[in-house]
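For reference, the chains in residue letters:
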Amino acid sequence: MVSLSTQLKKRGKFMSNMQSWKQNVGSIINYAERIFPEVEIVSRALSGEIVKSNYGQVAKRAKKLGSSLEAYGIKHGQNVGSLALNTYRNMEMYYGISGMGAVMHTINFRLHPEQVVYIINHAENRIIFLETVFAPLLEAIQANCPTVEKYVLLCSKEEMPETTLKDAISYEEFIDDGDESYEWPELEEDAPCGLCYTSGTTGNPKGVLYSHKSTLLHAWAGSSANGLGLDKDDSILMVVPMFHVMGWGLPYIGAMNGIKLVLPGMGMDGAALVELIEKEKVTLAFGVPTIWLGLLNYCKENSITLNTVKQTVIGGSAVPYAMIKQFDEEHGVNVVQGWGMTETSPLATANIKTKEMEALPKEELYKLQTKQGKPVFGVELKIIDDDGNKLPEDGEAYGKLMIRGPWINKRYYKHDSDAVDKDGWFDTGDISSIDPDGYMTIVDRAKDVIKSGGEWISSVDLENAAQSHPDVMQACVIGVAHPKWDERPVLLVVPANEKKDKDSIYAFLEDKIAKWWKPDDIVFVEELPIGATGKVLKIELREKFKDHLMK
Ligand code: ADP
């Protein structure tokens, strides 16, 4: 008898007989067009008007865009730049650009113009799509962006502003001659489809180049039971910007599952968001903590309850205990915390509410929800010490958080060497613990952790404790140089009312933190500087307060 391995060898290789499928993000929108054409994509236009599209229309217009780009001469693998808000046209670009074989290169318009110039040059963009409001920004820098030969403004011919941008045309004219039954070309599954640069608080921004395969796998993981907590009938408010980490994969996840998307455009203030939530019966909302802080305050001041919303998925920085509690007590909204980064597509862990969690007393539940969650299938995590030794997952030990998986960055765009070690582990730059149940908790970003007399203090934990004080709206803890202890914590507080009582905050913290964690000072500030991705810019605060404890 011929052995199985010989039979397989005869057939060629040790391979299965299943079909190989060239994964292409274009296939996602084709599916949505066929199966969920009527499911709505609702956007707020620049005019403030609420505009309705759906997956069927997005698919057709994406194909018109793809064929127009091909006719223009854009080649596979070329990066097409965009400075765009969350709207249906951005959805069309996600599919039209990637589907035709080019790379959807999202540019964060909140970055410093010098960084925008760096990114455009580094990505060698030939075409840039932009909202009309960003025309002045690009007009001011276009002389420094020699690779760009054409600017497409996201508007109709009638809405075209006066502009000096090179070879400028409106989006509607650009796609006008396109073919709505254009067929996506067959692409290699490892071919690039998206490009996003990290914010680059230190050094130049670095590009992460996503593939069709990584994007599809990530979208499947996000759709899974341990993913992003979706329900088929959800109406999703995407406050996460589509220019940052491919909108957390939601443009793909929405289309894959036929879920309604609500896109807020420029309207990120409390009133605009509440209007969208109420009109579009939003059930699930995605965003970073600073956005929700603003929304919760707005609701409180105006006695508004978010009646339709069931869950909110929050990530990007640690979600304070007080926010989880407020969402639940005042709005009946469950908070799912997620953790990830540009380099991880971004979904890596999520804290999905389980039956067991529902049975917990509220205080314990909220505490558990301050953890960043369990890894979704496909992502491997470990924590290591400074010598690279694996640390126990006992919920106590903490060290560098390492990650690997099929949607994790291996090498930054155009870098000469890999960003992972020989076993494929990527160093996240975060310090974490992992508990026996698999929950990962971020102790701090490595660069934010406070090193006091050789011991570490978690700024995240301190902020969490302080933020629960009723007179504290927002808390931020930074390490400040100290003559004896190297660094000591200083707590910056944005007050919730006129009361600015340091003693009351110190007394409140007493039984919540170790004695030696007590901040050396509490400083009341009007606001905290927020960076391009909605996070508090600790680097700026450290600079500002660097001599604060030296006096
Ligand atoms: P940026 O460009 O702003 O650095 P990233 O999204 O890549 O954007 O930032 C990723 C980092 O954000 C993570 O390494 C981590 O430090 C932080 N982060 C993301 N989600 C969370 C979370 N849920 N809790 C704490 N920190 C988080």
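Quick caveat: nothing in here was measured; it's all calculated off a predicted structure. (Residues numbered from 1 in each chain as written. Predicted model: local features only at pLDDT ≥ 70, side-chain atom pairs only at ≥ 80, totals over all residues. Heavy atoms only, no water.)

1. Thoughts on the site of the ligand
Keep this limit in mind: It suffices for a single heavy atom of a residue to lie within 4 Å of a molecule or strand for the residue to be listed as near it. N or O atoms within 3.5 Å of each other form a polar contact, as long as, within protein, one can give a hydrogen and the other can take it, and as long as residues adjacent in sequence are counted only when both atoms are side-chain atoms. Method for areas: the Shrake-Rupley scheme with a 1.4 Å probe, in which residue coverage is limited to the protein chains shown. Secondary structure elements follow DSSP: runs of H or I no shorter than four residues count as helices, runs of E no shorter than two count as strands, and numbering proceeds from the N terminus.
Close contacts around the ligand come from 18 residues, with Ser199, Gly338, Asp430, Thr533 and Lys535 the closest. Here Gly316 contributes a backbone N or O atom positioned 2.9 Å from a nitrogen atom of the ligand. In this structure, Ala318 approaches the ligand through a main-chain N or O atom, which is 3.3 Å from a nitrogen atom. Out of a free accessible area of 570 Å², the ligand has 92% covered by protein chains. Taken together, the elements giving at least two residues each to the shell around the ligand come down to strand 14 (334-340) and strand 20 (440-445). Broken down by element, the residue count for the shell around the ligand peaks at four residues, all from strand 14.

2. Brief notes about the sheet that holds strand 9 (residues 207-211)
Inclusion rule: Here, any two strands with at least 2 DSSP bridges between them count as paired. Throughout, a contact is declared for two residues whenever any of their heavy atoms are within 4.5 Å. Here an axis means a line fitted to C-alpha atoms, over the contact stretch when the element is a helix, while the angle between two N-to-C directions is reported on a 0 to 180 degree scale.
Spatial strand order, 7-6-5-3-4-8-9: seven strands in an open sheet with mixed pairing. Each edge of the open sheet carries a strand with a single partner, namely strand 7 (169-170) and strand 9. Pairing between strand 8 (residues 192-197) and strand 9: five bridges, direction antiparallel. Note that in strand 9 the partner of Pro192 across the bridge is Ser211. Against the sheet, helix 4 (residues 88-99) makes contact with strand 3 (79-83), strand 4 (103-106), strand 5 (127-130) and strand 8, and its axis sits at roughly 140° relative to strand 4, the strand it touches most.

3. Here we look at the pattern of salt bridges
The line we're drawing: A side-chain nitrogen of Lys or Arg and a carboxyl oxygen of Asp or Glu constitute a salt bridge if their distance falls within 4 Å.
Overall, the coordinates contain 30 salt bridges when judged by the stated rule. Members of the salt-bridge network, linked through shared partners, are Glu40, Lys52, Lys260 and Glu280.

4. Side note on the layout of surface pockets
The following threshold applies: For each structure, a 1 Å grid was placed over the protein atoms alone; sets of points admitting a 1.4 Å probe that cannot get out are labelled cavities, open sets with protein on both sides within 12 Å along at least five of seven lines are labelled pockets, and lining residues have an atom within 4 Å of a point. Grid points are joined across faces, edges and corners, and a volume is the space filled by probe spheres set on the points. Each residue gets one of three labels, nonpolar for Ala, Val, Leu, Ile, Met, Phe, Trp, Tyr, Cys and Pro, charged for Asp, Glu, Lys and Arg, and polar for the others, Gly among them.
The computed volume of the second largest pocket comes to approximately 920 Å³. Residue lining of the second largest pocket: 29 residues in total, with Lys367, Thr370, Thr441, Asp461 and Asn464 positioned closest to the centre. Of all the secondary-structure elements, those providing two or more residues to the lining of the second largest pocket are helix 15 (362-369), strand 20, strand 22 (455-457) and helix 16 (459-467). In terms of residue count, helix 16 provides more of the lining of the second largest pocket than any other element does, four residues in total. Looking at side-chain class alone, the lining of the second largest pocket contains 16 nonpolar, eight polar and five charged residues.

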